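Residues per chain are reported as follows:
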Amino acid sequence: MSIQTLEIRLSERPTGHVNSKTFVSESISLSTTLSSSSGHVLVQVDWLSIDPAMRGWLDDKRSYLKPVQIGEKMRAQGLGTVIKSSSKTIKVGDIVRGTFGWCTYAIMAEKDVEPLSLFPGVHELDFLGILGLPGLTAYFGLFDIAQIKQGETLVVSGAAGAVGSVACQLGKLKGAKVIALAGSDDKVEWLESDLGVHKALNYKSPTFIKDFKAAVGYLDVYFDNVGGRILDLCLTRLKKNARVVLCGAISDYISITPGAKRFTMYPDQKPQGLQAYLNLISQTAKIQGFLVFDYASKFDGVIREMNQWISENKLKRRFHIVEGLEKCPESMNMLFTGANIGKLVVKVSAKVSPKL
Ligand SMILES: NC(=O)c1ccc[n+]([C@@H]2O[C@H](COP(=O)([O-])OP(=O)(O)OC[C@H]3O[C@@H](n4cnc5c(N)ncnc54)[C@H](OP(=O)(O)O)[C@@H]3O)[C@@H](O)[C@H]2O)c1
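Keep in mind the model is a prediction, meaning the values are calculated, not measured.

Draft legend 1. Molecular detail of the pairing of strand E8 (residues 153–156). Here E8 shows a buried face lined by Thr 153 and Val 155 and a second buried face lined by Leu 154 and Val 156. Here 4 bridges tie E8 to strand E9 (residues 177–182), and the two strands are oriented parallel to one another. Pairing of Val 156 across the sheet is with Ala 180, part of E9. Assessed by its sense of winding, the connection that carries the chain from E8 through helix H3 (residues 162–173) to E9 is right-handed.

Spelled out as structure tokens, the structure:
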């Protein structure tokens, strides 16, 4: 017995944006005979997560994961429905999370998938958002690395994205004054009206720096998702003992590829490194990077806590849903043009999109 699956594989390493030559798709026949000696499951892929880090996996360079190889299926985390199982614990019909890659069906060892417990008020998609790596990243970045406290001033960049929108809300829950930075007026409107941040600013506005100084004054915590000139600006506005959390630096992800064309709203700007770092000394401030994977042993407890906040409507979420596996490559570029609001996902199967 076999099933046809569509796979998208890396065909060429891009030197800038992902383009029409970067990936190739192929329909292949997948044997559905599952090993009975060790548990395996056949999964119909329903949703795939699209994340900024995926662009880095296309570059042949040392990082926290090995690069995707030419000819290999593109790596991606997703959610799917088990349609065949030789596992004693995972049943047909179970919803599971796993690194299926860009494909319509995948055979997975049971140890590599995680069945989801769907509590009231929580949708399976939350396990790619607040209850997935983005939400956990915001939680540990803000509570463990920054140790945010009530009454402090928190600035979050990439604030209308998957991680940033959770960081803003967690900051509010902790009683911080939250200033959110994002790249469009629509995003600013969502952050202020729906998420209730104290002030949201469009960093593409010609008056941004003046607006930033007026809204922020000086900051206790900067949660950095973007790097570049916004990070530098924040370094000029540190309070005594401020903490700068290096979560991501999307403004530099493409330009750091040797010889790559820089895709940015400031095409003439080369990445320059930190200019204003001396303020870290004068303000006895800390700057620290972190990886969410290092907190894996604490995920379960935090997921339970955030689950509770979702069901109490203390944490809101928004998904940007793109339909069709074939749209995965162009979806990756949306993260770099700022086309997404909220968590970007691709719907692969015919599942009905939720109203969240
Ligand atoms: N450390 C960790 O363990 C960890 C784990 C997960 C994610 N991350 C990092 O967290 C950050 C956010 O990830 P996410 O999944 O939540 O993505 P996201 O924020 O949902 O999407 C990326 C957003 O970045 C903004 N952006 C793109 N280019 C920019 C530029 N040149 N300058 C300023 N903003 C730019 C865009 O919004 P605008 O319209 O606002 O520009 C875009 O929507 C990324 O840097 C990611 O690598 C780190």
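Draft legend 2. Molecular detail of H3. For H3, which comprises 12 residues, the first-to-last C-alpha distance of 17 Å matches the rise-based estimate of 16 Å (1.5 Å per residue) to within 8%. Burial of H3 is extensive: 10 of the 12 residues sit out of reach of the surface. Trailing H3 by a residue or two, Gly 175 shows a phi angle of about 90°, which is positive.

Draft legend 3. Geometry of the packing of helix H2 (residues 133–145) against H3. Two elements in contact, H2 and H3, have axes separated by 8 Å at closest approach and are oriented at 45°. One element, H2, and the other, H3, form an angle in the oblique class. Handedness of the crossing formed by H2 with H3: right-handed. The segment H2 lies against H3, with Pro 134, Gly 135, Thr 137, Ala 138, Tyr 139, Leu 142 and Phe 143 engaging Ala 162, Val 163, Val 166, Ala 167, Leu 170 and Gly 171. Each residue belonging to the contact of H2 with H3 can be placed in one class, and the counts come to 10 nonpolar, 3 polar and no charged.

Draft legend 4. Summary view of helix H8 (residues 299–311). Its 13 residues give H8 an end-to-end C-alpha distance of 18 Å, which sits within 8% of 18 Å, the value for a rise of 1.5 Å per residue. All of the buried residues in H8 are Phe 299, Val 302, Ile 303, Met 306, Asn 307, Trp 309 and Ile 310. Buried residues in H8, looked at end-on, bunch into an arc of 160°, giving them a common side. Away from its buried face, by an angle of more than 90 degrees, H8 presents the exposed residues Asp 300 and Arg 304. Of the surrounding elements, those touching the buried residues of H8 are H2 and H3. Looking at the residues trailing H8, positive phi occurs at Asn 313, about 60°.

Draft legend 5. Focus on the site of the ligand. Contacts to the ligand come from 26 residues, most closely from Val 163, Lys 187, Tyr 203, Tyr 253 and Asn 340. Take Val 163: an N or O atom from its main chain is 2.7 Å from an oxygen atom of the ligand. Within the contact set of the ligand, an oxygen atom lies 2.8 Å away from a backbone nitrogen or oxygen of Val 292. Within the complex, the protein chains bury 91% of what would otherwise be the 930 Å² of accessible surface of the ligand. Class assignment for the residues of the shell around the ligand results in 15 nonpolar, 10 polar and 1 charged. Among the domains, domain 1 (2–128 + 318–347) and domain 2 (133–294) are the pair contributing at least three residues each to the shell around the ligand.

Draft legend 6. Quick look at the packing of aromatic side chains. One pass over the full model with this rule turns up 7 aromatic pairs. Feature note: the residues Tyr 139, Phe 140, Phe 143, Tyr 295 and Phe 299 constitute an aromatic cluster, connected by ring pairs. The ring of Phe 143 carries the charged tip of Lys 174 above its face, separated from the ring centre by 5.8 Å.

So, how was this worked out
- Residues numbered from 1 in each chain as written.
- Predicted model: local features only at pLDDT ≥ 70, side-chain atom pairs only at ≥ 80, totals over all residues.
- Heavy atoms only, no water.
- Buried < 20%, exposed > 50% of the residue type's maximum accessible area, 1.4 Å probe, protein only.
- Helix = DSSP H or I, 4+ residues; strand = E, 2+ residues; numbered from the N terminus.
- Pairing = 2+ DSSP bridges.
- Right-handed = clockwise from strand over helix to strand, strands pointing away.
- Expected span 1.5 Å × (residues − 1).
- Axes fitted to C-alpha atoms, helices over the stretch in contact; angles between N-to-C directions.
- Parallel < 35°, antiparallel > 145°, perpendicular 65-115°, else oblique.
- Left-handed = near helix turned anticlockwise from the far one by under 90°.
- Contact = heavy atoms within 4.5 Å.
- Nonpolar A, V, L, I, M, F, W, Y, C, P; charged D, E, K, R; others polar.
- Arc of directions from axis to C-beta.
- Near = heavy atom within 4 Å.
- Polar contact = N/O pair within 3.5 Å; in protein donor to acceptor, adjacent residues only side chain to side chain.
- Areas by Shrake-Rupley, 256 points an atom, 1.4 Å probe, with all protein chains shown as cover.
- Domains from an automatic or database assignment.
- Phe/Tyr/Trp six-rings, centres within 6.5 Å; stacked < 30°, edge-to-face > 60°.
- Lys NZ or Arg CZ within 6 Å of the ring centre and 35° of its normal.

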